[in-house]
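Per-entry structural report
Below are the chains, spelled out letter by letter.
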Amino acid sequence: MTLDHIEDFFVRSIAAMQIPGATLSVIKDDKPLIHRGAGVRRLDGPAEDNAIDVDSLFMVCSLAKAFTAASVGILVHRGQLDWTTPVVTYLPEFALSDPEITQRVTLVDLLAHRTGVVGDDDPLWVGDRGDIHAVESLLAIAPHLPLGGPFRASGFYSNFMVSVAALVVERVSGQALPDFVDANICQPLGMRDGVWSLDEFYAHPKSARMHDVITPRTDVATFAADVAYNPESPINVAAARNPDDLGDDVEAAYKAAAEIAVEFKMHPQYASQHRDYAGIGFFFSTANDMVKWGQCWANGGKSASGQQVLFELDTLTKLHNPHGSYQSDKQMRRGFRNLGFGCGWGIYQFGEYEVLLHTGGFIGAACLLAVVPSANLVVYVSETQSSFPIFSQLLLTTLHTLLPIHRADVDAYTVQRAAKLLPRAKSAMLAHQGERLRTFLGESANPFAVGAAPTPLPARWQEVCGNYAHKAFGIMSIVLDDSLDDQQLRVVRVPEANKRLYHMSAAIDADAVKALKNQVTDPTMAFFTFPGSLVLYFREVEVGKMTGPACKISTGSVWQPAKRYELVVMESVSGIEIVFGRA
């Protein structure tokens, strides 16, 4: 296998996986072996001057976390910060729900995801008033975030805590994080094209826009064991599940992936600045600039001219948190295993090499940056579609080509193998959605059946309509939608969430749902969203007399004893309850 094979795989897999545009950069010993783009910046763009290249601007998502961590390292080097000093020293108003933990949290704890704060970062996307909030409100929200595991002994990935670290940088340096990064990192490295807001990104003449799957109103569902389908376009998942069925026919693999066709559109973002997200994801850069950033880490923190730009690399790249992600040697897959979190990086092992790695993803964007310092190797991938990314296949084929592993228990990961896995990778999301439906509804139910008779909602379901509030997670509204043939309950969050609630079957008994059912006092009040991962239920609380009309029924508004409910959301990572009270 050669780099030419990898480059060919890159171009052909983009087409097969319907990725509008992408870049691939492989830099070895400071020399570009592959450094190119493919595809278009926007699907609805002009026929001319729309091609992706290494000067196209991409969203780098969570790769921004290493910039925040590096900024902390610079301030530690200057004596303005200290790794072991509690964060409250720099932000006296910082607090978590546990006062003792609050006094112990350090910058390493924030950057290595070991505070115990659960990984659900919804407060970042929606503020305490249901709108986009100012950066200082991070500190107002933090005391109300639930802890999902023990301090320094759990590994819940938290955008929120890294955002607090970014706020520390701003408070101590006296500069906004983008200004600090630009002056102390980007300019010394010659990174000239990065922007930190959607306004600037949209205005940039070479912005590679994010694209998302168009989900039809009937949604994508699976109700048979081997078929995931949009009712108008069946997809045979069984035929795509076993790559060995394709034999050595790589052409058939590309064709099979391409035939699992979905429709994409540009995904609009809902805030112009995303002020809170600068340190965790809302940075936009080019492949030309990001390889300079990767080379700096590969060369001990030095720029191409030899200037020392990054400091405290021993602390930044040290394994601080193995909890929740550590894989033993027996769990190694294709010669690759996860060791845990450093500061702003994941720490991995490939063969005898340590790898600094972070991936990034947002709706319509996916990226990866991997640095192997001891081999002076940098791999960077950016994509404008997040449903079926290919960055993992590109990284592994590159590592196996340039840093081959000579172990009997590790087979070389070739482009032929990667290509044969494309159909399964593309169908996996569709199959997962269908399996989720079968879990919650049983094998035979089909809520999307064409021509199904409209079913009015039970009156007690209508009683739950209203606003529910949480001091960190904001307002969640449950509304009755009777604008269609069938009545629906919908969950609405400002600014963009508006999803139908599907009722769980009382007959479900899958292991994944047993724990949930044990907490649900009334299974008939449990619901889920689809597509999506929100699982929620309504729990009756103290019964009292309402001071106003109870609910709208066929005879109009009436006075009557009212049941009161609280809304309970199952946190997706830890499984703990997040309780919203009636607003």
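In this text, all values refer to a predicted model and were calculated from it rather than measured experimentally. (Residues numbered from 1 in each chain as written. Predicted model: local features only at pLDDT ≥ 70, side-chain atom pairs only at ≥ 80, totals over all residues. Heavy atoms only, no water.)

1. Regarding the overall build of the protein
What the protein contains, in helices and strands, is 17 helices and 24 strands. The proportion of buried residues among the 583 residues of the protein is 54%. Across the protein, the fraction of contacts at a sequence separation of at least 24, relative to all contacts at a separation of at least 6, is 66%. Surface exposure of the protein reaches about 24200 Å², of which carbon and sulfur atoms provide 51%. (Helix = DSSP H or I, 4+ residues; strand = E, 2+ residues; numbered from the N terminus. Buried < 20%, exposed > 50% of the residue type's maximum accessible area, 1.4 Å probe, protein only. Contact = heavy atoms within 4.5 Å. Areas by Shrake-Rupley, 256 points an atom, 1.4 Å probe, with all protein chains shown as cover.)

2. Notes on the side chain of threonine 68
You can see threonine 68 is positioned in helix H2 (residues 64-77). Overall, threonine 68 belongs to the buried group, its relative accessible area being 0%. Here threonine 68 is in contact with Leu111, Val162, Ala165, Ala166, Val169, Leu177 and Gly279, once residues within four sequence places are set aside.

3. Some words on unusual backbone geometry
It is generally the case that most residues other than glycine have a negative phi and that most peptide bonds are trans. Even without being glycine, glutamine 18 reaches a positive phi, approximately 55°. Residue class for glutamine 18 comes out partly exposed when judged on its relative accessible area of 22%. Phi at arginine 152 takes a positive value of approximately 60°, unusual for a residue other than glycine.

4. Brief notes about the nonpolar core
By size, the foremost hydrophobic cluster in this structure holds 110 residues, and its most contacted members are Trp293, Trp297 and Phe538. Those residues in contact with tryptophan 297 that sit more than four places away from it in its chain are Ala66, Ala70, Leu310, Leu313, Leu316, Thr317, Trp345, Leu356, Val371 and Pro373. Core analysis: the next-biggest nonpolar cluster, separate from the first, contains 48 residues, Leu3, Phe9, Val250 and Ala418 among them. (Core = buried A, V, L, I, M, F, W, Y, C linked by side-chain atoms within 4.5 Å.)

5. Focus: the packing of helix H1 (residues 3-16) against helix H14 (residues 391-402)
Where H1 meets H14, the closest approach of the two axes is 10 Å, and the angle between their N-to-C directions is 175°. Viewed along their axes, H1 and H14 adopt a mutual orientation that is roughly antiparallel. Along the contact surface, H1 presents Leu3, Ile6, Phe9 and Phe10, while H14 presents Gln393, Leu394, Thr397, Thr398, Thr401 and Leu402. The class makeup of the residues in the contact of H1 with H14 is 6 nonpolar, 4 polar and no charged. (Axes fitted to C-alpha atoms, helices over the stretch in contact; angles between N-to-C directions. Parallel < 35°, antiparallel > 145°, perpendicular 65-115°, else oblique. Nonpolar A, V, L, I, M, F, W, Y, C, P; charged D, E, K, R; others polar.)

6. As for the sheet that holds strand E14 (residues 377-383)
Spatial ordering of the open sheet is given by E2-E1-E14-E13-E12-E11-E10, a layout of 7 strands whose pairing is antiparallel. Two strands bound the open sheet, and with one partner strand each, they are strand E2 (31-39) and strand E10 (336-341). This sheet shows a mean twist of 15° between the axes of neighbouring strands, independent of strand direction. By the bridge criterion, 7 bridges tie strand E13 (residues 365-372) to E14 in an arrangement that is antiparallel. Pairing of valine 371 across the sheet is with valine 378, part of E14. Together, strand E1 (21-28), E2, E10, strand E11 (346-350), strand E12 (353-362), E13 and E14 form the strand contacts of H14, whose direction differs from that of E14 by roughly 160°. (Pairing = 2+ DSSP bridges.)

7. A look at the pattern of salt bridges
Within this structure, the stated rule accounts for 13 salt bridges. Ionic pairing is found between aspartate 109 and arginine 114, a salt bridge with its closest N-O pair at 2.4 Å. When its relative accessible area of 0% is taken as the criterion, aspartate 109 is described as buried. In this structure, lysine 292 and aspartate 289 form a salt bridge, with 4.0 Å as the shortest nitrogen-oxygen distance. Taken together, the positions of lysine 292 and aspartate 289, both in helix H12 (residues 287-298) and 3 residues apart, correspond to about one turn of that helix. Look at the salt bridges and you will find they share partners, linking Asp109, Arg114 and Arg152 into a network. (Salt bridge = Lys/Arg side-chain N within 4 Å of Asp/Glu carboxyl O.)

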